[in-house]
Amino acid sequence: LFRLPVKRLFSTLHSSVDSTEMKKFQLLAHKWWDEEGEYSALHSMNDIRVPFIRDTLLNMSSNYHLGSPLSGVKILDVGCGGGLLSEPLGRLGASVTGIDPLEDNIRTADQHKSFDPVLAKRIQYKSSSLEEIVEESVETFDVIVASEVVEHVADLELFIKCCSQVLKPEGSLFITTINKTQLSYVLGIVVAEKIMGIVPDGTHEWEKFVPPEELERLLELNGFSVKAVNGMLYNPLSGSWSWMESTSVNYAMHAVKSGAQEQSSPREALAEVESEQPSATAGSA
């Protein structure tokens, strides 16, 4: 029986990439590094998301280097955009691979890292979807970061399956996203987009927001154990982020992939995803 290679199967028939989302971000690709511009809230989010990733990883490991605490850690930054999160993780010593399906974003990211010779060595960028690198990257990464990404993907379960496949056993997955509540609609869309213009109008669709319970369920179904769920709050007046109890608007999640003895082999997992019959409408959502 003739089989398409996994990479072709994912990229041509079934993809977590949403083409309408791509068009929205293409228009802003040159603006990633304008700290006062459309991505200012993502710049200031680094003040809490970078320490969250760093400290969680340090608490899990006794082996780190002063000044370069993430030295030796291989991180995949999915939907890296212009590299706003890849760069600070690279500065902490990590070896970072940033992927984004939009070539214009990757061009911006590549150009920006080239100004710093240390980062130029530690970070590599690739214009690619997550599905397209699964075959060549089985159990390659210690950490995956998907920050402000899952609310833009076309197929969340496929996305999580692929995360599991490229992550090493006991590897960490960090996600930040927006809850699906009335409050998130009011603050995330009406206030942030329509009234204050903190993010460009049309950036988000409330229907695609993901409640933490739903994300946790999908992660646990796919061999992850959720370790932390923390609420995040953006203050538009000060332009700063802080942690909070409530996850009713934004939240960050940390999950760990189960160990080698608890899961099927990566080849079996690949075969399982390959054998799933893509629907006729896949990828056109």
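Positions within a chain are numbered from 1, following the residues in the order the chain's sequence is written. Only residues with pLDDT of at least 70 get local features here, since the model is predicted, and only at 80 or more are side-chain atom pairs given and counted; chain-wide, interface and lining totals rely on the full set of residues. The basis for every side-chain value is the complete set of heavy atoms in the structure, and neither hydrogens nor water enter the calculation.

A. Spotlight on the packing of helix α8 (residues 156-166) against helix α10 (residues 212-221). Where α8 meets α10, the closest approach of the two axes is 10 Å, and the angle between their N-to-C directions is 45°. It follows that α8 is oblique to α10 by the angle criterion. The element α8 and its partner α10 pack so that their crossing is right-handed. Each of L156, E157 and I160 in α8 lies in contact with α10, whose residues at this interface are L215, L218 and L219. Lys, Arg, Asp and Glu make up the charged group, whereas Ala, Val, Leu, Ile, Met, Phe, Trp, Tyr, Cys and Pro make up the nonpolar group; the residues left over, Gly among them, are polar. Residues that form the contact of α8 with α10 fall into these classes: 5 nonpolar, no polar and 1 charged. Comment: axis = line fitted to C-alpha atoms, over the contacting stretch for helices; angle = value between 0 and 180 degrees taken between N-to-C directions. Strands are runs of DSSP state E lasting at least 2 residues, helices are runs of H or I lasting at least 4, and numbering of each runs from the N terminus. Geometric relationships in this document are graded by angle, where less than 35 degrees denotes roughly parallel, more than 145 denotes roughly antiparallel, 65 to 115 denotes roughly perpendicular, and other angles denote oblique. When the near helix sits turned anticlockwise from the far one by under a right angle, the crossing is termed left-handed; a clockwise turn instead gives a right-handed crossing. What makes two residues a contact is simply this: any of their non-hydrogen atoms within 4.5 Å.

B. Broad picture of the confidence of the model for the protein chain. The predictor attaches a confidence to each residue, and that confidence, scored 0 to 100, is pLDDT. Summary statistics for the protein chain give a mean pLDDT of 86 and a share of 86% for residues scoring 70 or more. Segment residues 263-267: pLDDT under 50, and 7 contacts once partners within four positions in sequence are set aside and those in other chains are kept.

C. A look at the packing of aromatic side chains. Aromatic contacts are taken between Phe, Tyr and Trp rings whose centres are within 6.5 Å, Trp giving its six-membered ring; a plane angle under 30 degrees counts as stacked, one over 60 as edge-to-face, and the others as tilted. Considering all chains together, one arrives at 5 aromatic pairs under this definition. Between Y185 and W206, the ring centres sit 6.4 Å apart and the planes meet at 90°, which makes this aromatic pair edge-to-face. Separated by 21 residues along the polypeptide, Y185 in helix α9 (residues 182-195) and W206 in the loop between α9 and α10 bring together distant segments of the chain. For Y185, a relative accessible area of 40% translates into the label partly exposed. Summarising the aromatic geometry, the rings of Y234 and W241 are spaced 5.0 Å apart at their centres and angled 45° between planes, so their arrangement reads as tilted. Using a 1.4 Å probe on the protein chains alone, a residue whose accessible area is under 20% of its type maximum counts as buried, one over 50% counts as exposed, and one in between counts as partly exposed.

D. Seen up close, the nonpolar core. Core analysis: the largest hydrophobic core is formed by 38 residues, its most contacted members being L70, I75 and L89. Those elements giving two or more residues to this core turn out to be α3 (40-60), α5 (103-113), β3 (123-127), β4 (141-147) and β6 (224-235). In this structure, L89 is in contact with I53, L70, I75, A94, V96 and V145, ignoring residues within four places of it in sequence. Counting 31 residues, the second-largest nonpolar core is a separate cluster that includes I133, C162, L215 and Y251. In this text, buried Ala, Val, Leu, Ile, Met, Phe, Trp, Tyr and Cys residues form a nonpolar core when linked through side-chain atoms within 4.5 Å.

E. The sheet that holds β3, seen in detail. Strand order in the open sheet formed by 8 strands is β3-β2-β1-β4-β5-β8-β6-β7, with mixed pairing between adjacent strands. In this open sheet, the two edge strands, each paired with only one partner strand, are β3 and β7 (240-244). The sheet shows a mean angle of 20° between the axes of neighbouring strands, taken without regard to direction. Where β4 lies against strand β5 (residues 167-178), 6 bridges are found, and the strand directions are parallel. Opposite S147, over in β5, you have T176 as the bridge partner. Across the sheet, α8 touches β1 (74-78), β4, β5, β6 and β8 (250-257), and the angle it forms with β5 is around 145°. Here the rule is simple: two strands pair whenever DSSP picks up at least two bridges between them.

F. Broad picture of the pairing of β8. Burial analysis of β8 places 8 of its 8 residues in the buried class, the great majority of the element. Neither face of β8 is open: one carries N250, A252, H254 and V256, the other Y251, M253, A255 and K257, and all of them are buried. Taken together, the 7 bridges between β5 and β8 define a ladder with antiparallel strand orientation. Each bridged residue has a counterpart across the sheet, and for L173 the counterpart in β8 is A255. Relative to β8, β6 is paired through 8 bridges, and the arrangement is antiparallel. Paired with F224 across the bridge in β8 is K257.

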